[in-house]
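One-letter residues, chain by chain:
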Amino acid sequence: MTINKKTDGTTLCLEVVGQLDTLTAPELENAVEEGIPNCEKLIIDMAGVDYISSAGIRVILQAHHTVGGENFVLRSLTGNVQEIFRMTGFGKVLNIE
Amino acid sequence: MKRSIFIKIILMIFPIVILADLIILGSAYKITYDANYESCIRNVESASRIAADYFAMFDPDHIEDTAQCNEEFDKLCAMMDLTYLCAVKPDLEEKNIRYLSIGFGEGASEKAKKTRYPGVVIDVLHEEHILAMQGKDEGNIRKESNQFGDTIISYMPVTRYYDLDDLTFVYETKSVVAAEMSLSVVMDSFRTRFRYILIFTVVSSVIILGSVALIIYCMVTRPVRKISKRMASFVSDRKTGFKKLEVKGDDELSEMSRSFNTMADEIDSYIENISELNKERHTQEAELNIARRIQIGLLPPAEFRDRHVCVNASMLPAKDVGGDLYDYQVLADGRVCVAIADVSGKGVSAALFMARAITLIHQYASIGYSPSRILYEYNNSLAANNPNRMFITTFVGIYDPETREFTYSNGGHNCPYLLSDRLIALDSEGGMAAGIFAGEEYEEAVVSLKEGDVLFLYTDGVNEAESADGDFFGTQRLEEELSAHIGASGADVLTAVLERVADFAQDAVQSDDITVLAMRVLPQGMHKELELTAQAENLRTIFDTIRNIPSLSEEGKDSLCLMAEEMFVNICSYAYEGKTGDAKVIFDIADNNAELTFIDSGIPFDPTKDVLNIEDYDAEKRVGGLGRFLTFEVADAYSYTHQNGQNILKIVKKFSTGDE
């Protein structure tokens, strides 16, 4: 899995590419923890993610919690990932674009 | 109202009657007018003659008592319908006339009475006066139109006179008598009479016309109308029993009625014949339908699937019953035998032969014979009792799922195709069609199949399907269609070929049975066991294993990965309480069903119990259970047991496959 970081003013965008599972989730967790102090708004772009497990969901929920509802955006969910969010009901809570 | 022939006839007769009337009246008028005129002339002439005889009593040169003569003339005028009657003495030299005596009748004008009197001289001398003086006493008539209207005047010489001196008659013409008669008076009476003739003619014409109309109506129109009414209601009356038309007399109408009665009788018998034929045909059709159902019942179902193969087949008979057959069966040892055959000819005889053939193939195959042996025995059996010398082309093959080899033998049938990586015609040498010559040995060939391969068997109804223009479908089109469907399911291949054939043939009549069969080698299941140390890194091995299962879709793989990850990570995290331990993951992948089994020797834990209620999930507290929730949401079934110190968890996921 790879993570591309893009900063636009106070907005940080993390583009995740690959599988977001138990093994790779900590990487995203680190990237989020590093990024949060330097930004007001956090975007996680999921266009390159076609698989997500509970470990990945936990990281995203954690980020959502830390940054605060309005300033956290989850972008471009692929079909499979979208299905998981629908299944858990988190899709309704998260700010998804 | 429609214009009946009756009205038409009457309308045609009417002007003829009018014309006849006009001719009759015209000629009657002319004849009677002329007759009247003649009688007028005769009357006026005889009047003038009488007057001349009377006037002979006087001497024109010495008339003493003109009054007596005038009176006599007046009487004659009244008696003979004269306007006036006069005796004149013409003077040929002076060209005048002198009135000697004059009498007036009815119709004489007052002016004439004043200007004409005895002794008056008028300077008019007509030619008739001169002729009369010369002695013309017949036909000396003058027609005149004067103030008295149309008149005729007769001039009569007075050929003698009475000499008062000698008291004898002297024969010398000294004077002329003129009698005038007004034609208008006479003709008026004639016209009155003629009016009666006219009325009589018109009335009689009307009566004649009416009688003719009545006769036509009674003799023709009414009977014709009656006949036509009967004819019109012939069909509806037939149900209640058709009453024959009455035949009266021997005219054309009765002839027509008689003909109609004959026709009705004949139609009746025809209809009865036809309905009997119809009944027979219905019975025959019903019997053929039953035969067709029985024949189709001889064939195995159009679709079959077991663990190894999927068979799809179709037979479209050209007539109600056909001579094609297909057969397949799973033999006792698990091998699959498929066959296709085509009897020469069509219809009931071909169907009967086909019934025999399919039974033989099925029986010989179930004994366990090889394809060539099946054909050998089958040929011998058929040839032994085949008085009609019918023959049947046959292809038989047996697929062995163990070796994935397909052994086949061809008895004169179209070469089947194998849809593998490319299109291959199974055109190895075979033998002749079965049924004629006993003892024929058949060659056998073997081809190796792999998962997803499709065998396509067909009869010549496919490649010899004709278009409306008489072109054949041919093998080239068939091969194109098959090549385009390499990798497709058997059902899709059949549908594609049959649609292409139907598209080619359009509305052309199907001349031969069309039979096709496709056997697909199904992707086989997978059984794999992974013995792993319960460490998260080993997830990669699990992921790799799942990602490499060929028969699964990406979506299916994602689902399996998710379930496997969550359950394996659970074991890694909790089963051995921080120590290392082993975990075993078993994969059982069938065509449309995946079963994952997780076995560990850690502390007993039933993950299927107390599954997270997702509403209670709290991201901040990092409460566990999200993974288990997802797993059991995705799974179609799961079970947990604890046996021999081991936690055993089974999870089942079902998939829809591409073959459906």
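None of the values given here were measured: they were computed from a predicted structure.

1. Regarding the overall build of chain B
For step 1, the next point in the chain: Tallying secondary structure elements over chain B gives 15 helices and 24 strands in all.
For step 2, the next point in the chain: Put simply, 67% of the contacts in chain B that link residues at least 6 apart link residues at least 24 apart.
For step 3, the next point in the chain: When the accessible area of chain B is evaluated, it comes to approximately 34,900 Å², of which 53% is carbon and sulfur surface.

2. Remarks on the pairing of strand β21 (residues 582-589) of chain B
All names here are of chain B.
For step 1, the next point in the chain: Here eight bridges tie strand β20 (residues 526-533) to β21, and the two strands are oriented antiparallel to one another. If you follow E531 over to β21, its bridge partner there is K584.
For step 2, the next point in the chain: In terms of strand pairing, β21 meets strand β22 (residues 593-600) through seven bridges, oriented antiparallel. If you follow F587 over to β22, its bridge partner there is L596.

3. Things to note about the confidence of the model for chain B
Residue and element names in this part refer to chain B.
For step 1, the next point in the chain: This prediction gives chain B a mean pLDDT of 86; 96% of its residues lie at or above 70.
For step 2, the next point in the chain: Element-level pLDDT for chain B is lowest in helix α6 (residues 234-240), with a mean of 73, against a maximum mean of 96 in strand β18 (residues 454-458).
For step 3, the next point in the chain: Note on the complex model: pTM 0.49, ipTM 0.91.

4. Describing the interface of chain A and chain B
For step 1, the next point in the chain: Taken residue by residue, the interface counts 20 residues in chain A and 25 residues in chain B.
For step 2, the next point in the chain: Summed over both partners, the interface of chain A with chain B buries about 1,900 Å², with 60% contributed by carbon and sulfur atoms.
For step 3, the next point in the chain: Joining chain A to chain B, the criterion identifies zero salt bridges.
For step 4, the next point in the chain: In this structure, the connection of chain A to chain B is made through seven residue pairs in polar contact (both at pLDDT 80 or more).
For step 5, the next point in the chain: Put simply, the parts of the chain that give the side of chain A that touches chain B at least two residues each are β3 (41-52), α2 (54-67) and α3 (79-88) of chain A.
For step 6, the next point in the chain: The biggest single contributor to the side of chain A that touches chain B is α2(A), with six residues.

5. Comments concerning the pattern of salt bridges
All names here are of chain B.
For step 1, the next point in the chain: Counting across every chain of the model gives 26 salt bridges over all chains.
For step 2, the next point in the chain: For D59, the salt bridge identified is with K174, shortest N-O distance 3.6 Å. With D59 in the loop between α1 (5-55) and α2 (66-80) and K174 in the loop between β7 (168-170) and β8 (175-182), this pair connects stretches of sequence that are 115 residues apart. The same class applies to D59 as to K174, namely buried.

6. Quick notes on the nonpolar core
For step 1, the next point in the chain: If you look at the biggest cluster of nonpolar residues, it comprises 71 residues, and the most contacted ones within it are M46(A), I60(A) and L560(B).
For step 2, the next point in the chain: Of the residues forming this core, the biggest block, 11 residues, is contributed by helix α14 (residues 554-575) of chain B.
For step 3, the next point in the chain: Among all residues touching M46(A), those that are not within four sequence positions of it are L20(A), I52(A), I60(A), L74(A), R75(A), S76(A), L77(A), T78(A) and V81(A).
For step 4, the next point in the chain: Core analysis: the next-biggest nonpolar cluster, separate from the first, contains 50 residues, V311(B), I374(B), Y408(B) and A434(B) among them.

7. Structural notes on the sheet that holds β22(B)
Residue and element names in this part refer to chain B.
For step 1, the next point in the chain: Taken in spatial order, the five strands of this open sheet run β20-β21-β22-β24-β23, and their pairing is antiparallel. Looking at which strands have only one partner, the edges of the open sheet turn out to be β20 and β23 (637-643). Strand-to-strand twist across the sheet, computed as the mean angle between neighbouring axes with direction ignored, equals 15 degrees.
For step 2, the next point in the chain: Relative to the sheet, α14 contacts β20, β21, β22 and β24 (646-654), its axis offset from that of β22 by approximately 5 degrees.

8. Side note on the pairing of strand β1 (residues 84-91) of chain B
The side chains of a regular strand alternate, first on one face of the sheet and then on the other.
Residue and element names in this part refer to chain B.
For step 1, the next point in the chain: Summarising burial for β1: six of the eight residues are buried, a large majority.
For step 2, the next point in the chain: The pairing of β1 with β8 spans five bridges and is classified as antiparallel. By the bridge assignment for β8, Y84 is matched with E180.
For step 3, the next point in the chain: The pairing of β1 with strand β2 (residues 96-104) spans eight bridges and is classified as antiparallel. Its bridge partner lying in β2, V88 is registered against Y99.
For step 4, the next point in the chain: Between the antiparallel neighbours β1 and β2 lie four residues, among them K95 with a positive phi of about 55 degrees.

9. Section: helix α15 (residues 626-634) of chain B
For step 1, the next point in the chain: Of all the nine residues making up α15(B), eight are buried; the element is thus mostly covered by neighbouring parts of the structure.
For step 2, the next point in the chain: Within α15(B) the residues assigned to the buried category are L626(B), G627(B), R628(B), F629(B), L630(B), T631(B), F632(B) and V634(B).
For step 3, the next point in the chain: For α15(B), the secondary structure elements touched by its buried residues are α2 and α3 of chain A together with α14, β23 and β24 of chain B.

10. Considering the packing of helix α13 (residues 539-547) of chain B against α14(B)
Residue and element names in this part refer to chain B.
For step 1, the next point in the chain: Contact pair α13 / α14: the axes reach a minimum separation of 9 Å and the direction vectors enclose 155 degrees. Taken together, the axes of α13 and α14 lie roughly antiparallel to each other. Classified by chirality, the crossing of α14 by α13 is right-handed. Along the contact surface, α13 presents L539, I542, F543, I546 and R547, while α14 presents E554, K557, D558, L560, C561, A564, E565, F568 and V569.
For step 2, the next point in the chain: Of the residues contributing to the contact of α13 with α14, the split by class is nine nonpolar, no polar and five charged.

11. Some words on α13(B)
For step 1, the next point in the chain: Among the residues of α13(B), those classed as buried are L539(B), I542(B), F543(B), T545(B) and I546(B). Seen end-on, α13(B) carries its buried residues on one side only, within an arc spanning 160 degrees.
For step 2, the next point in the chain: The elements touched by buried residues of α13(B) are β2 (11-20) and β3 of chain A together with β20, α14 and β21 of chain B.

12. Regarding the sheet that holds strand β1 (residues 2-8) of chain A
Paired through their backbone hydrogen bonds, the strands of a sheet run either parallel or antiparallel.
Residue and element names in this part refer to chain A.
For step 1, the next point in the chain: The strand order β1-β2-β3-β4 describes an open sheet built from four strands, whose pairing is mixed. Every interior strand has two partners, whereas the edge strands, β1 and β4 (72-75), have only one. Averaged over all pairs of adjacent strands, the angle between strand axes in this sheet comes to 20 degrees, irrespective of strand direction.
For step 2, the next point in the chain: As judged from the four bridges shared by β3 and β4, these two strands associate in the parallel manner. Opposite I43, over in β4, you have V73 as the bridge partner.
For step 3, the next point in the chain: Those strands touched by helix α1 (residues 25-35) are β1, β2 and β3, and its axis lies near 175 degrees from that of β2.

13. Some points on a nonpolar patch on the surface
Residue and element names in this part refer to chain B.
For step 1, the next point in the chain: On the surface, a cluster of nonpolar side chains totalling about 500 Å² of accessible area is made up of F14, I18, L19, L22 and I23.
For step 2, the next point in the chain: Position of L22 relative to the elements: it lies in helix α1.
For step 3, the next point in the chain: Among the residues examined, L22 registers a relative accessible area of 55% and is labelled exposed.

14. A few points about unusual backbone geometry
All names here are of chain B.
For step 1, the next point in the chain: The residue R389 is not glycine, and still its phi comes out positive at about 55 degrees.
For step 2, the next point in the chain: By the secondary structure assignment, R389 is in the loop between α9 (371-384) and β13 (392-400).
For step 3, the next point in the chain: Note on R389: relative accessible area 46%, which makes it partly exposed.

Calculation criteria
- Residues numbered from 1 in each chain as written.
- Chains lettered and ligands numbered in written order.
- Predicted model: local features only at pLDDT ≥ 70, side-chain atom pairs only at ≥ 80, totals over all residues.
- Heavy atoms only, no water.
- Helix = DSSP H or I, 4+ residues; strand = E, 2+ residues; numbered from the N terminus.
- Contact = heavy atoms within 4.5 Å.
- Areas by Shrake-Rupley, 256 points an atom, 1.4 Å probe, with all protein chains shown as cover.
- Pairing = 2+ DSSP bridges.
- pLDDT = per-residue confidence, 0-100.
- Buried area = accessible area lost by both parts, 1.4 Å probe.
- Salt bridge = Lys/Arg side-chain N within 4 Å of Asp/Glu carboxyl O.
- Polar contact = N/O pair within 3.5 Å; in protein donor to acceptor, adjacent residues only side chain to side chain.
- Buried < 20%, exposed > 50% of the residue type's maximum accessible area, 1.4 Å probe, protein only.
- Core = buried A, V, L, I, M, F, W, Y, C linked by side-chain atoms within 4.5 Å.
- Axes fitted to C-alpha atoms, helices over the stretch in contact; angles between N-to-C directions.
- Parallel < 35°, antiparallel > 145°, perpendicular 65-115°, else oblique.
- Left-handed = near helix turned anticlockwise from the far one by under 90°.
- Nonpolar A, V, L, I, M, F, W, Y, C, P; charged D, E, K, R; others polar.
- Arc of directions from axis to C-beta.
- Patch = residues over 30% accessible without salt bridge, like charges linked within 9 Å, V, L, I, M, F, W, Y side chains within 5 Å.

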